[in-house]
Amino acid sequence: MKIKKAIIPAAGLGTRMLPATKTIPKEMLPIVDKPSIQYIIEEAVASGIEDILVVTNRAKSAMDDYFDYHPELEERLARAGKHAEVDIVRRTADMANIFYVRQKETKGLGHAIWRAKHFVGNEPFAVLLGDDIMHAQKPVTKQLVEIAEEYDCSVVGVQRVSRQAIAKYCTLGVTPVRERCYDVTKLIEKPRPDQVISDFAILGRYVLTPGIFDILESLPAGYGGEVQLTDGLNILCGKERVMAYDFIGKRYDTGNLKGYLEVVVDFALEHEEISDWMKAFIKNKAENL
Ligand code: UTP
């Protein structure tokens, strides 16, 4: 099994980040000096992915503009001798082969993935949620790809979350295989307290086999009236092996205000040009609070 394709579902409405996301896609909100989607694409590329399909909607065309050339801007920068800046704006358009498909109705993550059926064909593929930014030494998608290639099956990226937090995610029944690796036996989306099976939740990264598409095609709407990928995976794990990998790295949910601010501050503290300024700024603030 070789994983060369990825899907980035980015057609959600971003209601937790209003009013900022009324006209700007949440994936285009900057994290220090780059829009958040760029970090996701960089992770995919660093994981060996060559072709990326972004699932968008009618309000998100800023994303395809961002990954295109901008001849007028490049020419203006070149004339001013700003060649480093020309490289920066060019590089965003040359990072990978990026394709787009629209989800015409916001019918849920499972439906968004299903829109990628023709792009994917009969190959395994990675999924990177546009909201979830990872900070990891080895890219999280690469960690999952390695396990999927070794065991020749679907792999979901999981971490332990608190009992209160799990209600926002999904809960998984798992049996251990080896360190950090589990077989998945059952999944429940947004579990009630009496439904929680383990404290593992899927956090924004998957490698899936194309078997998921036949399931999604006829899957009825689940929690919240949306077609839930979790419900599809619950059926998939009854038909073929699905593993969970407890990935190494920190995950930020940039789809809510606290997670977004957290990643902006953390990444600014590591940014080579502004790290020192940011540290001094925070120290000064803390002393005066
Ligand atoms: P979320 O529920 O976290 O994102 O979906 P959202 O719907 O944009 O957020 P809120 O709750 O309104 O603030 C998880 C992922 O699935 C995508 C989202 O873009 C996000 O990356 N998604 C969700 C779709 O692509 N299509 C959908 O119909 C729903």
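Details of the structure are given in the entry above.
Report on the accompanying structure.

One open sheet holds the nine strands; their spatial order is β5-β4-β1-β6-β11-β8-β12-β10-β9, and the pairing between them is mixed. The open sheet terminates on both sides in strands that have one partner only, identified here as β5 (97–102) and β9 (170–178). Each strand of the sheet is rotated relative to its neighbour by a mean of 35°, with strand direction disregarded. As defined by bridge partners, strand β1 (residues 5–9) adjoins strand β4 (residues 51–56) across five bridges and the pair is classed as parallel. Residue pairing for β4: I7 is matched across the bridge by L53. Sheet strands in contact with helix α7 (residues 140–151) are β6 (125–128), β8 (154–160), β9, β10 (181–189), β11 (200–208) and β12 (242–246), and its direction is about 65° off that of β11.

The final tally for this structure, using the stated rule, is 22 salt bridges. Between E27 and K60 there is a salt bridge whose closest N-O contact spans 2.9 Å. In this pair, E27 sits in the loop between β1 and β2 (30–31) while K60 sits in the loop between β4 and α2 (61–66), placing the two residues 33 residues apart along the sequence. One salt bridge in this structure joins E146 and K138, with 2.7 Å as the shortest N-O distance. Overall, the relative accessible area of 36% leaves K138 in the partly exposed class. Taken together, the salt bridges that share partners define one network made up of R16, K26, D131 and D253.

As a further point, take unusual backbone geometry. Of note, the bond from L18 into P19 is cis; its omega dihedral lies within 30 degrees of zero at 5°. With respect to the helices, strands and loops of the structure, P19 is situated in the loop between β1 and β2. Within the chain, R180 stands out as a residue other than glycine whose phi angle is a positive 70°. Overall, the relative accessible area of 29% leaves R180 in the partly exposed class. Here the phi dihedral of K190 falls at roughly 40°; this positive angle occurs in a residue that is not glycine. Considering the arrangement of structural elements, one finds K190 in the loop between β10 and β11. K190 sits in the partly exposed class, given a relative accessible area of 26%.

Rules used throughout
Residues numbered from 1 in each chain as written. Predicted model: local features only at pLDDT ≥ 70, side-chain atom pairs only at ≥ 80, totals over all residues. Heavy atoms only, no water. Pairing = 2+ DSSP bridges. Helix = DSSP H or I, 4+ residues; strand = E, 2+ residues; numbered from the N terminus. Axes fitted to C-alpha atoms, helices over the stretch in contact; angles between N-to-C directions. Contact = heavy atoms within 4.5 Å. Salt bridge = Lys/Arg side-chain N within 4 Å of Asp/Glu carboxyl O. Buried < 20%, exposed > 50% of the residue type's maximum accessible area, 1.4 Å probe, protein only.

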